[in-house]
Amino acid sequence: MATADLVTPFIDRYHAARTAGLPGEDLPWLEQLRADGIARLKTLGLPTRRVEEWKFTDIRKLAAADFQPAPAIDGALHPDLAYVLAEETADVTAVLVFVNGRFRADLSRTDGLPAGVTLGPLSTALAKGDPAVATHFGRVLPDVERIAASGFLGLSTAMASEGAVLCVPDGVTVDGVIAAVFLSDNPGENPVITHPRLLSVIGANAEATVVETHAGRDGAGPTLTNFASELAVGDGARYHHYRLIRDGARGYHLANSHVRVGRDAHTDTFVLTLTGALTRSEVNARLIGCGGDLRVSGGYVGDGRRHIDNTSLIDHAVPDCRSRQVFKGVLDDASRGVFQGKIIVRRDAQRTDGYQLNRALLLTRKAEIDSKPELEIYADDVKCSHGATAGEIDNDALFYLRARGIPERTARRLLVEAFLAEVLEEIGAEPVRERFTALAAQRLNAHAQPVLEEAA
Amino acid sequence: MLEIKDLHVEVDGRMILKGIDLTLADGEVSAIMGPNGSGKSTLSYVIAGRDGYEVTQGDIRLNGESILEMEPEERSRAGLFLALQYPIEIPGVAMMTFLREAVNAHRIDRGEDELDPLSFAKLVRAKARELKMTDEMLKRQVNSGFSGGEKKRAEILQMTLLEPSICVLDETDSGLDIDALRIVSEGVNAMRSPTRAILVITHYQRLLNHIVPDRIHVLADGRVIRSGGKNLAHELEEHGYEGLLDDAA
């Protein structure tokens, strides 16, 4: 099927959504963004493997599915989702919950935040004419189409109706974790789609930690989350943003994150991909002020026929910034991992310190990792290094553990856990690091969930 | 008691051990000495059951039962212990987790309850103190960032915790300064017991001043070419392996 034919149904659904009404239709800036988004979708189409950034992730079959808008779920959650939600909201300062792209005020809690901090659904922010949203929504990296073209992002902006918005004023510290939980459910068999958003605007010298969770359940029909997030981190701010993917066996997740890091700001991001049929996490980050420090890292567990793609681009636009990308994953059965990491160091970005590492542990011969590190350096005084390895379990270590009486199964589990534990050290916020480490260990112990053929 | 009978072993199609007969009797400390490449480490790995060492002839029996078909973990639980010449570093696995998994695997095998983390930590700290290992070392990851001496002490700690009936120590003296050598030797000597056999594999006589063996066997080119009492070590020290090899030829 030609790309144009794949795009048409999405455009039709956009017009249907317009007829039904989208939030913020009275806002000219948003109308302009929507028009630009749909134009971008028409121009770029949906990505094929001929597009460099999508070389290893084939979504043609996925895009050809007849995606309907996900149904509203207003009542009780399926017990599996209720369980995940309880886990995700234990010990958090505040939480926003979205189910199938709709805000659930009854499950959310935003009291107890410091004065001046706003946390709420996008629809409310648009209705109120929130100036921070008007300034930043869809504009954190406005010219990003130059570096990463995807029709999905255009579609997301055009369809944008709901999501999480966090604004932390200058100098304010939010203690603890703010949770943004996006749950997907599909009681039927027809594929459903949502387009949730997230916007974090962190003021100068402010500090906050967000855990963004996407979860589904194994018994649900196919769901596609076309997610877009924007993180604007102000000068001198300290921001921690962690993503957690706990999709169901037929959960598909395409995420596009735009990150802008100000002068002397510290931004620490991590994505832990535990379950789901296909997960692509794409990060476009730009350091725009001297002294910025950025981490874009992640860990993943693959089994069955799952596909996990981590693609990132870090753009050093100014001097004296540091960036670090560390991705590690464990691939079992016929699962497949993709790592594409690019660092651009622009002519003026002298004394850039860039580090990039990708390591995959392959547990079977059918498991596969595609790794594409890229450095594009135009400045002459920089320190950039990258490395990529793919390997099997260390036989010496395995023998050593077994020679002490530890059963082979346990020994393998310890070694795989150890491999993932290393990358989880990249997470700056200790309580989140501990929780993610426990979740990863739990995931490695659980029996592999069956993933259907359509995941391929 | 461990009996090695007419043991022939190939590695990658090459014959390394060419018919070894050796008995490690309970209550005794034996030593195997020999030049580099004589097959000392191969012998230790074959006893422990490492992959890649093919027994083409002969047998190894623990208390009368052949162990050749047993997995490394089964041999360990049956009472065999190999202290490695180069203990493996495993970043990401905590030393305490490793020790607890090992001890509990042995306990489950004996039909005993697993030790809870608290009483286990108590036990380990007490044993570690005897080997002059700090609590800080126990908090690290398996052998990660340990000096040569610290690694060897950690091996002896494992041996002390698992209380094996057959202890094989492969080049335990390598990389040790004199103080570490003394601590490690004391640890091994404390393990001497009428119900335990100990085999010390070494290139140098030095270790045998600290762990005095009942018997010494000299290994060369995959065979035991000479056996004797503890004085054999001094003879070797004086004349070197070459003199002995010439005699054997």
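Predicted model, so just to flag it, every value in this text is computed and none were measured. (Residues numbered from 1 in each chain as written. Chains lettered and ligands numbered in written order. Predicted model: local features only at pLDDT ≥ 70, side-chain atom pairs only at ≥ 80, totals over all residues. Heavy atoms only, no water.)

Chemist: Looking at this model, I keep getting lost on the confidence of the model for chain B. Mind explaining?
Modeler: The predicted coordinates ought not to be read in detail in places where the model reports low pLDDT. Of the residues in chain B, 98% have a pLDDT of 70 or more, and the chain-wide mean is 92. Listed scores for the predicted complex are pTM 0.86 and ipTM 0.95. (pLDDT = per-residue confidence, 0-100.)

Chemist: I would appreciate a short explanation of the sheet that holds strand β6 (residues 80-83) of chain B in the present structure.
Modeler: All names here are of chain B. One open sheet holds the six strands; their spatial order is β6-β9-β10-β3-β11-β12, and the pairing between them is mixed. Strand pairing shows two members of the sheet lacking a second neighbour, β6 and β12 (223-228), which therefore form its edges. Within the sheet, the average angular offset between the axes of one strand and its neighbour, ignoring direction, is 20°. Direction of pairing for strand β3 (residues 29-33) relative to strand β10 (residues 197-202): parallel, over a ladder of five bridges. When the sheet's bridge partners are listed, Met33 is paired in β10 with Thr202. (Pairing = 2+ DSSP bridges. Helix = DSSP H or I, 4+ residues; strand = E, 2+ residues; numbered from the N terminus. Axes fitted to C-alpha atoms, helices over the stretch in contact; angles between N-to-C directions.)

Chemist: What exactly am I supposed to notice about the environment of B:Glu73 here?
Modeler: By the secondary structure assignment, B:Glu73 is in helix α2 (residues 72-78). For B:Glu73, a relative accessible area of 7% gives the class buried. Spatially, the C-alpha atom of B:Glu73 lies 9.3 Å from that of B:His106, the residues being 33 residues apart in sequence. Those residues within four positions of B:Glu73 in sequence are excluded, and the remaining contacts are A:Arg402, A:Gly405, A:Ile406, A:Pro407 and A:Glu408. A distance of 2.6 Å separates polar atoms of two side chains, one belonging to B:Glu73 and the other to A:Arg402. (Buried < 20%, exposed > 50% of the residue type's maximum accessible area, 1.4 Å probe, protein only. Contact = heavy atoms within 4.5 Å. Polar contact = N/O pair within 3.5 Å; in protein donor to acceptor, adjacent residues only side chain to side chain.)

Chemist: Got a minute to help me understand the sheet that holds strand β15 (residues 293-302) of chain A in this structure?
Modeler: Across a sheet, strands are paired by hydrogen bonds formed along the backbone, either parallel or antiparallel in direction. Residue and element names in this part refer to chain A. Strand order in this open sheet of ten strands is β3-β2-β6-β9-β11-β13-β15-β17-β19-β21, and the pairing throughout is mixed. Of all strands in the sheet, those bounded by a partner on one side alone are β3 (102-103) and β21 (383-391). Most of the contacts of helix α4 (residues 79-89) go to strand β6 (residues 178-183), to which it runs at about 165°, and overall it touches β2 (94-99), β6, β9 (207-215) and β11 (238-246). Against the sheet, helix α10 (residues 430-445) contacts β9, β11, β13 (266-275) and β15, and its axis sits at roughly 15° relative to β11.

Chemist: Explain the interface of chain B and chain A here, please?
Modeler: Interfaces are often sized by the accessible area lost when the parts come together. On the side of chain A, 18 residues touch chain B, which itself brings 30 residues to the contact. Where chain B abuts chain A, roughly 1,900 Å² becomes buried across the two surfaces, and 65% of that area is made up of carbon and sulfur atoms. The tally of links from chain B across to chain A stands at five salt bridges. A salt bridge links A:Arg404 to B:Glu155; the nearest nitrogen and oxygen atoms lie 2.8 Å apart. (Buried area = accessible area lost by both parts, 1.4 Å probe. Salt bridge = Lys/Arg side-chain N within 4 Å of Asp/Glu carboxyl O.)

Chemist: Explanation requested: the packing of aromatic side chains in the structure shown.
Modeler: Given two aromatic rings, their pairing is described by the distance between the two centres and the angle made by the two planes. This model, assessed by the stated rule, comprises ten aromatic pairs over all chains. Ring geometry for A:Trp54 versus A:Phe152: centroids 6.3 Å apart, planes at 40°, classification tilted. Residue A:Trp54 is located in the loop between α2 (28-44) and α3 (60-64), and its partner A:Phe152 is located in helix α7 (residues 151-159); the two are separated by 98 residues in the primary sequence. Taking the relative accessible area as the measure of exposure, A:Trp54 reaches 3% and is therefore buried. According to the relative accessible area criterion, A:Phe152 is buried, its value standing at 5%. Aromatic pair A:Tyr400 and B:Phe98: ring centres 5.5 Å apart, planes at 20°, arrangement stacked. (Phe/Tyr/Trp six-rings, centres within 6.5 Å; stacked < 30°, edge-to-face > 60°.)

Chemist: Quick question: what am I supposed to make of α2(A) here?
Modeler: Because each turn of an α-helix spans 3.6 residues, side chains separated by three or four positions end up pointing in the same direction. Residues and elements named next belong to chain A. An ideal rise of 1.5 Å per residue puts 24 Å on 17 residues; α2 measures up with 24 Å between its terminal C-alpha atoms. Those residues of α2 lying buried are Trp29, Leu30, Leu33, Arg34, Gly37, Ile38 and Leu41. Along the long axis of α2, the arc covered by the buried residues comes to 170°, so they all point the same way. More than 90 degrees from the buried face of α2, the exposed residues found are Pro28, Lys42 and Thr43. In the stretch just after α2, Gly45 is the one whose phi turns positive, near 70°. (Expected span 1.5 Å × (residues − 1). Arc of directions from axis to C-beta.)

Chemist: Explain the pattern of salt bridges to me, please; I cannot follow it from the model alone.
Modeler: Any two side chains of opposite charge can pair, on the condition that their charged atoms come close. Throughout the structure, instances matching the rule amount to 53 salt bridges over all chains. With its nearest N and O atoms 3.5 Å apart, the salt bridge here joins A:Arg263 to A:Asp235. Here A:Arg263 is found in the loop between β12 (251-261) and β13, whereas its partner A:Asp235 is found in the loop between β10 (223-233) and β11, with 28 residues between them in sequence. Accessibility expressed as a relative area gives 43% for A:Arg263, which makes it partly exposed. A:Asp235 gets classed as partly exposed once you look at its relative accessible area, which sits at 32%. Each of A:Arg402, A:Glu408, A:Arg412, B:Glu71 and B:Glu73 takes part in salt bridges that share partners, so that together they form one network.

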